[in-house]
2 protein chains.
Amino acid sequence: MIVAVDQVLETVDATIEETLERLFTLLAIPSISTDPAFDADCTRAADWLVADLQALGFDAQRHDTPGKPMVVGKTSTGTGPSFLFYGHYDMQPVDPLDLWEHDPFKADISERGGQKVIRGRGSSDDKGQLMTFIEACRAWKAVHGTLPGNLTIFLEGEEESGSPSLIPFLRAQKELLSADLALVCDTGMYDLETPSICTSLRGMLGEEITITGPNRDLHSGAYGGPATNPIRVLTKILAALHDDQGRVTVPGFYDGVPETPQVLKDAWAGLGFETANFLGPVGLSTPAGEVDRSVLEMIWTRPTCEFNGITGGYTGDGFKTVLPAEARAKVSFRLVGTQDPHAIRKNFRAMVEGMLPPDAKVSFADHGASPASVMPTDAPAFEQARTALTEEWGKEAVFVGGGGSIPVVGRFKEELGIDSMLVGFAQDDDAIHSPNEKYNLMSFHKGIRSWVRILEKLNG
Amino acid sequence: MIVAVDQVLETVDATIEETLERLFTLLAIPSISTDPAFDADCTRAADWLVADLQALGFDAQRHDTPGKPMVVGKTSTGTGPSFLFYGHYDMQPVDPLDLWEHDPFKADISERGGQKVIRGRGSSDDKGQLMTFIEACRAWKAVHGTLPGNLTIFLEGEEESGSPSLIPFLRAQKELLSADLALVCDTGMYDLETPSICTSLRGMLGEEITITGPNRDLHSGAYGGPATNPIRVLTKILAALHDDQGRVTVPGFYDGVPETPQVLKDAWAGLGFETANFLGPVGLSTPAGEVDRSVLEMIWTRPTCEFNGITGGYTGDGFKTVLPAEARAKVSFRLVGTQDPHAIRKNFRAMVEGMLPPDAKVSFADHGASPASVMPTDAPAFEQARTALTEEWGKEAVFVGGGGSIPVVGRFKEELGIDSMLVGFAQDDDAIHSPNEKYNLMSFHKGIRSWVRILEKLNG
């Protein structure tokens, strides 16, 4: 097999120009899912991918939905462990167009920050990333004559617009999509040189609390003192949600929060992470989270409570001596391990209600609840992929956490019972969702090579 | 003198119809100072008043300013203590016009809530009130042949638009306006039957604090935990401004706050004040201020700290997982006694700065500072007026506090060195600043009679 892998990698290198042409063709289709004006383009992108997968030998089909089509392609001959590859072919809108330094739909190779980069909307998120996998399959096929193993490729067209069709489709196509493990290519590397596998994603609980007091806005001269002030009630409540150690005070909040494994801590110690490099660019210097946790723990393996918005009373220019009738705040909790968002919601609401003074009332709005995703890093695939990435990049690949959430990972787990392995090659400066999105040529080229090596180990 | 007073009062009663006609004429002039479209009407109202004062025998003149004219009329023959009467001839706008049940500039007598009322913009605030004094002078003159004592009448035309010309005018006309005591008719009665003299007005300190953290809005997935959240910093600070007894925690805040005199507490105990009647109509039931203070103390003689507005992060519909770059709050302090607003501002700012975590910065905006006005109730005029009001209304007149501020009172003190005695006959339901403003006919009629009795005692 070693010989074969080397041959596949050589094929990747030898064909990189035509590989790039194919990516440019896909990037030229403005499949912007949030804007109905681009509906036909989304379908066109799906059709292009179906045709490409079919040409490669996949049993591939476009699956229409009430929204954008899904693309599914399967190998027909696979045995052994089965894998479900996921990517998305839809892209973010491009406005403001005048901030782009080139036509966002005319991809090209340019140079930026000492790196050769592929410029264009979708180059990093996610067409460039998904094509690393398809191109790995193409090179594999060219050498082996067959596609690698027992594989399903699943490409979504609504990731940038909330995936309204995803859950119904997963439920309807359970069998078609069944696999032992999902491979998701929609994340980044730790840095320019360090490949990484994201092994946990924080969940989220969103709550909005509205405190009401008097039945109308009052004048603070006439009522200031005896009248309950909803802003005062709200700030008292919010201020009580963290203790002086930075811990969240909601009862039972830390139930299900695992201690960060020593093996992860050890691996992270080798990353050379510098707080100044992380916080400095956003104008900060001192970690504000739990006092006894490292910054990497704070964003990767520790839960949080954050205030995302607050409003009440007069907020315009100048001053009004109003005692407002209500005040509102949006509060979110990032969750880890097996924290139960529904139990936390219940306890949070009870805590808030328990803090209300006599004349204050509260109402709550539910802004979503999803548990954390924790990947089974002891499954063989994770160590195989880590070895493959280390070999390709010449630097130890690392298991990292993800501070945010990638909803499809939770959906695969809930609807299909499938864990995910997240391998991606994006960089923090790719400007996804912004003007001048790019994808490093090295990310694309070595990304393809990485998948070749991963597929070889997974099917070894 | 008793005979003379009775004659003057009889004259008031006998001439009330023509007195009302004069008020209606004044109310027909739309002297709205906030709208330049009514500039000429403001001048017309001033001229009408000058002419009326002159006809009465005052040495009266219109004094033009960069804004609306001032009207000043003086008696030429007075001896003994000197008094400066203040009222304002400008009025609030009338929109929304469709909520009025009649033409706001065609005053009439109607019936509302079992009371005969004078309907019309300015009927209560403040043309009706100022005419109670002028009509008292007129009846006095009719009986005595001379005007009462050593008197200056000073009528402003910018009270509803921030009085921009007031301070320059006071400074320029110090001598013209000099007096031993100001008589201000722009306040109300305690209730329908109980005359009152307002003997204190709370001062105010307005502050806006802006907390900044990161140099731009951040994503709470990527930065939630280690990044300083300005809303969290702000709510911690605001929550610390009151202790659990409802007291304000700014260092030195209670310096200069006098204990409420027992004589006032005793008088107030006789008012039959019911918390339920005060808080119930605005949807509240339980006083929220200092736990050991009565509601009347809370609004009349105790200082407060209120939050009038707060904003930060995402406040629209739905949810955004943003960690905002800044959060802002408007904070006001109502002040009493000899509390020094400048010292409190300094201490407040130092307290806020002392609570900032490492990565948070604060900036402050100054929204005004005025000390409380505390009237010298031991001066003979106060007891004389109280006796006069008690005689007229047949119910013990009471010294009350004012929760808000009447800026002219502070200006008279600061610029002219003159204390004020606030006597007025408005009712809480007069709808000043709102559609369908009214002034009870009883307020007008007995208000004139009250001033006759007060003038008699002051000059006795």
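Cut-offs and rules
- Residues numbered from 1 in each chain as written.
- Chains lettered and ligands numbered in written order.
- Predicted model: local features only at pLDDT ≥ 70, side-chain atom pairs only at ≥ 80, totals over all residues.
- Heavy atoms only, no water.
- Helix = DSSP H or I, 4+ residues; strand = E, 2+ residues; numbered from the N terminus.
- Rg over C-alpha atoms; globule rule 2.2 N^0.38 Å.
- Buried < 20%, exposed > 50% of the residue type's maximum accessible area, 1.4 Å probe, protein only.
- Contact = heavy atoms within 4.5 Å.
- Core = buried A, V, L, I, M, F, W, Y, C linked by side-chain atoms within 4.5 Å.
- Pairing = 2+ DSSP bridges.
- Axes fitted to C-alpha atoms, helices over the stretch in contact; angles between N-to-C directions.
- Least-squares fit on C-alpha atoms with pLDDT ≥ 70 in both.
- pLDDT = per-residue confidence, 0-100.
- Buried area = accessible area lost by both parts, 1.4 Å probe.
- Salt bridge = Lys/Arg side-chain N within 4 Å of Asp/Glu carboxyl O.
- Polar contact = N/O pair within 3.5 Å; in protein donor to acceptor, adjacent residues only side chain to side chain.
- Parallel < 35°, antiparallel > 145°, perpendicular 65-115°, else oblique.
- Left-handed = near helix turned anticlockwise from the far one by under 90°.

> I keep staring at the overall build of chain A and nothing clicks. Help me out?
Check the secondary structure of chain A and you find 15 helices and 18 strands. Computed over C-alpha atoms, the radius of gyration of chain A comes to 25 Å, within 12% of the 23 Å expected from 2.2 N^0.38 for 460 residues, which places it in the range of a compact globule. Its C-alpha atoms give chain A principal-axis dimensions of roughly 85 × 50 × 45 Å. Across the 460 residues of chain A, 58% fall into the buried class. Residue pairs at least 24 apart in sequence account for 78% of intrachain contacts in chain A once pairs closer than 6 positions are excluded.

> Help me out: how do you make sense of the nonpolar core in this one?
Nonpolar side chains in soluble globular proteins tend to end up buried together. Residues L49, F154, F412 and W451 of chain B are the most contacted members of the largest nonpolar core, which totals 104 residues. Not counting residues within four places of it along the chain, the set of residues in contact with F412 of chain B comprises L84, Y86, F154, L170, A182, V184, G417, I418 and S420 of chain B. Grouped together as the second largest cluster of nonpolar side chains are 103 residues, L183, Y190, L284 and Y439 of chain A included.

> Sorry if this is basic, but what is going on with the sheet that holds strand 5 (residues 115-119) of chain B here?
Residues and elements named next belong to chain B. Read across the open sheet, the three strands follow the order 4-5-18; overall the sheet is antiparallel. Only two strands of the sheet have a single neighbouring strand rather than two, namely strand 4 (108-112) and strand 18 (438-440). On average, adjacent strands in this sheet sit at an angle of 40° to one another, irrespective of strand direction. Sheet topology note: the strand 4/strand 5 ladder contains five bridges and is antiparallel. Residue pairing across strands places R112 opposite Q115, the latter belonging to strand 5. Packed onto the sheet, helix 2 (residues 16-27) meets strand 4 and strand 5 and runs at close to 40° relative to strand 5.

> Looking at this model, I keep getting lost on the relation of the copies chain A and chain B. Mind explaining?
These two copies of the chain differ by a rotation about an axis and a displacement along the same axis. Take chain A, turn it by 179°, move it 0.1 Å along the axis, and it overlays chain B with an RMSD of 0.2 Å. The superposition operator between the copies reduces to a two-fold rotation axis. Interface overlap between copies is the fraction of interface residues in one copy that are interface residues in the other; for chain A against chain B it reaches 100%, indicating a shared surface.

> Would you mind showing me how to read the confidence of the model for chain A here?
When pLDDT is averaged along chain A, the result is 95, and 99% of the positions lie at 70 or above. For this predicted complex, the interface confidence comes out at an ipTM of 0.87, alongside a pTM of 0.87.

> Sorry if this is basic, but what is going on with the interface of chain A and chain B here?
Many analyses report the size of an interface as the accessible area lost when the parts associate. Across the contact, 73 residues belong to chain A and 73 residues belong to chain B. For the pair chain A and chain B, the two sides together bury roughly 5700 Å², of which 57% comes from carbon and sulfur. Considering only the surface of chain A that becomes buried against chain B, P226, R232 and F319 of chain A emerge as the three largest contributors, covering 13% of it. Inspection of the chain A/chain B interface yields zero salt bridges. Inspection of the region where chain A meets chain B yields 40 residue pairs in polar contact (both at pLDDT 80 or more).

> Can you help me understand the sheet that holds strand 14 (residues 361-370) of chain B in this one?
In any sheet, the strands associate via hydrogen bonds between backbone groups, in a parallel or an antiparallel arrangement. Pairing in this open sheet of eight strands is antiparallel, and the strands run 14(A)-9(A)-13(A)-11(A)-11(B)-13(B)-9(B)-14(B) from one edge to the other. Either end of the sheet is taken by a strand with one partner, and the two such strands are strand 14 (361-370) of chain A together with strand 14 of chain B. Here the average twist between neighbouring strands, direction ignored, is 20°. Bridge count for strand 9 (residues 203-212) of chain A against strand 13 (residues 326-335) of chain A is ten bridges, and the pairing is antiparallel. By the bridge assignment, E208 of chain A is partnered in strand 13 of chain A with K330 of chain A. The sheet contacts of helix 12 (residues 341-354) of chain B involve strand 9 (203-212), strand 13 (326-335) and strand 14 of chain B, and relative to strand 14 of chain B the element is tilted by about 165°.

> Before we go on, may I ask you to explain the environment of E396 of chain A in this structure?
Residue and element names in this part refer to chain A. For E396, the position within the fold is in the loop between helix 13 (380-393) and strand 16 (398-402). Considered as a pair, E396 and L271 are 125 residues apart in the sequence and their alpha carbons are 9.5 Å apart. Apart from residues lying up to four places away in sequence, E396 is in contact with T194, P195, R386 and T390.

> Teacher, can you tell me more about the side chain of S33 of chain A here?
Residues and elements named next belong to chain A. Residue position: S33 is located in the loop between helix 2 (16-27) and helix 3 (39-56). Reaching out from S33, the side chain makes a polar contact with the side chain of D90 at a distance of 2.7 Å. Not counting residues within four places of it along the chain, the set of residues in contact with S33 comprises C42, K68, D90, M91, G157, E158, E160 and S161.

> I keep staring at the packing of helix 2 of chain A against helix 4 (residues 127-144) of chain A and nothing clicks. Help me out?
Packed helices, taken two at a time, are described by their axes: the angle between them and the distance between them. Residues and elements named next belong to chain A. Between helix 2 and helix 4, whose axes approach to 11 Å, the crossing angle comes to 140°. The angle between the axes of helix 2 and helix 4 places the two elements in the oblique class. The crossing of helix 2 and helix 4 is right-handed. Across the interface between the two elements, T19, R22, L23, L26 and L27 from helix 2 touch K127, G128, M131, E135 and R138 from helix 4.

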